[in-house]
Amino acid sequence: MLALLDGSIVDVTHPIVRADDLGVVRGDGVFDATLVRAGADGAPQVHDRESHLDRLERSAEILQLPAPDRAGYGRAIDALCAAWDFAAHPEAVIRLVLTRGPEAGGDPTAFALMAALGASVVREREQGVSVTLLGRGHDGDDVAAMPWLLPGAKSLSYSINMAAKRHAAQQGFDDVVFVSPAGLLLEGPTSTLVIDRGGSLLTPQQEGILASITLEHLMDQAPAAGLSVAFASLVPDDLLASDGAWLLSSGRLLARITSVDGRELPASPLDPTLRRLLDV
C-alpha cells in the first residue's frame, strides 16, 4: 500500500515518481523503515515511530536534503495503518522515502510504502542465519572522517549492500557481516551485530556505521534484565569464539547467527532474554 504525505492512499501501481527523479536515476535520497504490528487490543503498534522519523531527519541532513515533513509522514503512517488488513497480515513494514526530486529542479518526492513482512524474514527470525564475512573496503573511522561517503545516513543507494547479500546467497549463506581493511567487524548490509562473550553483550564501534534503532532499544531494555551492551573493537576471532551472536534489524528484530563461513556457532544462553527484550 502507498500513502502520500497528505494522508491519501494511492494505488501502488499509480505513477508518482518522475522518470528523471534523482532518487531513481542516482539513488539520491534517503529512507527509513519500521515494523508495524497489530497489538493485543487490535490497534496498530508502530515500533519506535519517533526514533525512525528522527533518523530520517538525520539522514536527510547528511545528504543536504530539505527537512522531511514530519507531520506529513505521520499522516501517511496513520493512513496506512488504518487501511491495512492486520487480520490477513499481522506484521508489516512501513518504508518512509524522500528523494531529491526531478533533476531539473523542483520539490522532493516523498511517500510511505507498507508491505507485509516477508516469509524469509520471519523464517530467519525463528531459525537463525548463516553468515559469511566480506570485506567492505573502508575502515569505520576513515568513513566517519569523510562526509561525502555519507556515514550514518540511510541512503537509497543500497546497491552495494544488496550485491553483498546476493553474493552471500550464491555462496550458500543467508547474510553478511562486513569486515574493515584493518580486520575489524563492522555491520551487516541491513543489520547490526551483537555478540555474547561470557555473558557480556558487545557490538562493534559505531564509527562509520548507521545507528541502529533496534540496538538502541536493546541497550535501553538490557539493564532491567541485569545485562549491558558495550561498544568494542571486535575481530572475526571474537565472533568465532563467542558464546553466541545475533543480527539486529528493524523488521527482523533479532536473528541468531548459526554459523560463520561454515563454522557453527553455539546458541547463547541469553537468546531467550534478548528475544523477550526485543519483543520477538
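The structure this text deals with has already been given above.
What comes next concerns the included structure. Quantities reported herein were computed from a predicted structural model and do not represent experimental measurements.

Structural notes on the overall build of the protein
Counting its secondary structure elements, the protein contains 9 helices and 14 strands. Here the C-alpha radius of gyration of the protein, 19 Å, is about what a compact globule of 280 residues would show, namely 19 Å. Dimensions of the protein along its principal axes, counting C-alpha atoms only, are 50 × 45 × 35 Å. A sequence separation of at least 24 residues applies to 70% of the contacts in the protein between residues at least 6 apart. Looking at the protein as shown, the accessible area adds up to about 12800 Å², and 52% of this sits on carbon and sulfur atoms. On the protein, the mean spot of the 22 positive side-chain charges and the mean spot of the 37 negative ones are 2 Å from each other.

Some points on the sheet that holds strand β1 (residues 2-3)
Overall, antiparallel pairing links the 6 strands, which are arranged β2-β1-β6-β5-β3-β4 in an open sheet. Looking at which strands have only one partner, the edges of the open sheet turn out to be β2 (9-10) and β4 (44-46). In this sheet, strand β5 (residues 91-99) lies alongside strand β3 (residues 29-38) in antiparallel orientation, the contact comprising 9 bridges. Counted as the bridge partner of Arg37 is Glu91 from β5.

Thoughts on the nonpolar core
Within the largest apolar cluster, 25 residues are counted, with the highest numbers of intra-cluster contacts made by Val30, Val36, Tyr73, Ile94, Leu96, Leu98 and Met114. For this core, the element with the highest residue contribution is helix α3 (residues 70-83), accounting for 5 residues. Excluding its chain neighbours within four sequence positions, the residues that come into contact with Met114 are Met1, Val36, Leu80, Cys81, Trp84, Phe86, Ala92, Val93 and Ile94. Among the nonpolar cores identified, the runner-up in size contains 18 residues, and Ala232, Leu234, Leu239 and Ile257 belong to it.

Observations concerning the pattern of salt bridges
On inspection of all chains with the given rule, the structure shows 17 salt bridges. With a shortest N-O distance of 2.8 Å, Arg18 and Asp20 are connected by a salt bridge. Residue Glu124 pairs with Arg252 through a salt bridge whose shortest N-O separation is 2.7 Å. On the criterion of sequence distance, the pair formed by Glu124 in helix α4 (residues 119-127) and Arg252 in the loop between β12 (245-249) and β13 (253-260) is long-range, its members being 128 residues apart. The burial state of Glu124 is the same as that of Arg252; both residues are buried. Each of Arg37, Glu91, Arg125 and Asp279 takes part in salt bridges that share partners, so that together they form one network.

What about the layout of surface pockets?
If you add up the space inside the largest pocket, you get close to 1400 Å³. In terms of lining, the largest pocket is formed by 48 residues, of which the most central are Lys154, Tyr158, Asn161, Pro189 and Thr190. Elements that contribute at least two residues to the lining of the largest pocket include exactly β3, β5, β6 (109-116), α4, α6 (159-170), α7 (213-221) and β12. Take the lining of the largest pocket: its biggest share by element is 4 residues, from α6.

As for unusual backbone geometry
Not every positive phi belongs to a glycine, and Gln64 is a case in point at roughly 60°. Looking at the element boundaries, Gln64 is found in the loop between α2 (49-62) and α3. Given a relative accessible area of 69%, Gln64 falls into the exposed group. Phi is positive for Leu253, which is not a glycine, with a value near 70°. Tracing the backbone shows Leu253 in strand β13. Owing to a relative accessible area of 4%, Leu253 belongs among the buried residues under this scheme.

Rules used throughout
- Residues numbered from 1 in each chain as written.
- Predicted model: local features only at pLDDT ≥ 70, side-chain atom pairs only at ≥ 80, totals over all residues.
- Heavy atoms only, no water.
- Helix = DSSP H or I, 4+ residues; strand = E, 2+ residues; numbered from the N terminus.
- Rg over C-alpha atoms; globule rule 2.2 N^0.38 Å.
- Contact = heavy atoms within 4.5 Å.
- Areas by Shrake-Rupley, 256 points an atom, 1.4 Å probe, with all protein chains shown as cover.
- Lys, Arg positive; Asp, Glu negative; His and termini not counted.
- Charge placed at Lys NZ, Arg CZ, Asp CG, Glu CD.
- Pairing = 2+ DSSP bridges.
- Core = buried A, V, L, I, M, F, W, Y, C linked by side-chain atoms within 4.5 Å.
- Buried < 20%, exposed > 50% of the residue type's maximum accessible area, 1.4 Å probe, protein only.
- Salt bridge = Lys/Arg side-chain N within 4 Å of Asp/Glu carboxyl O.
- 1 Å grid on protein atoms, 1.4 Å probe; cavity = no way out; pocket = protein on both sides within 12 Å on 5 of 7 lines; lining within 4 Å.
- Points joined across faces, edges and corners; volume = space filled by probe spheres on them.

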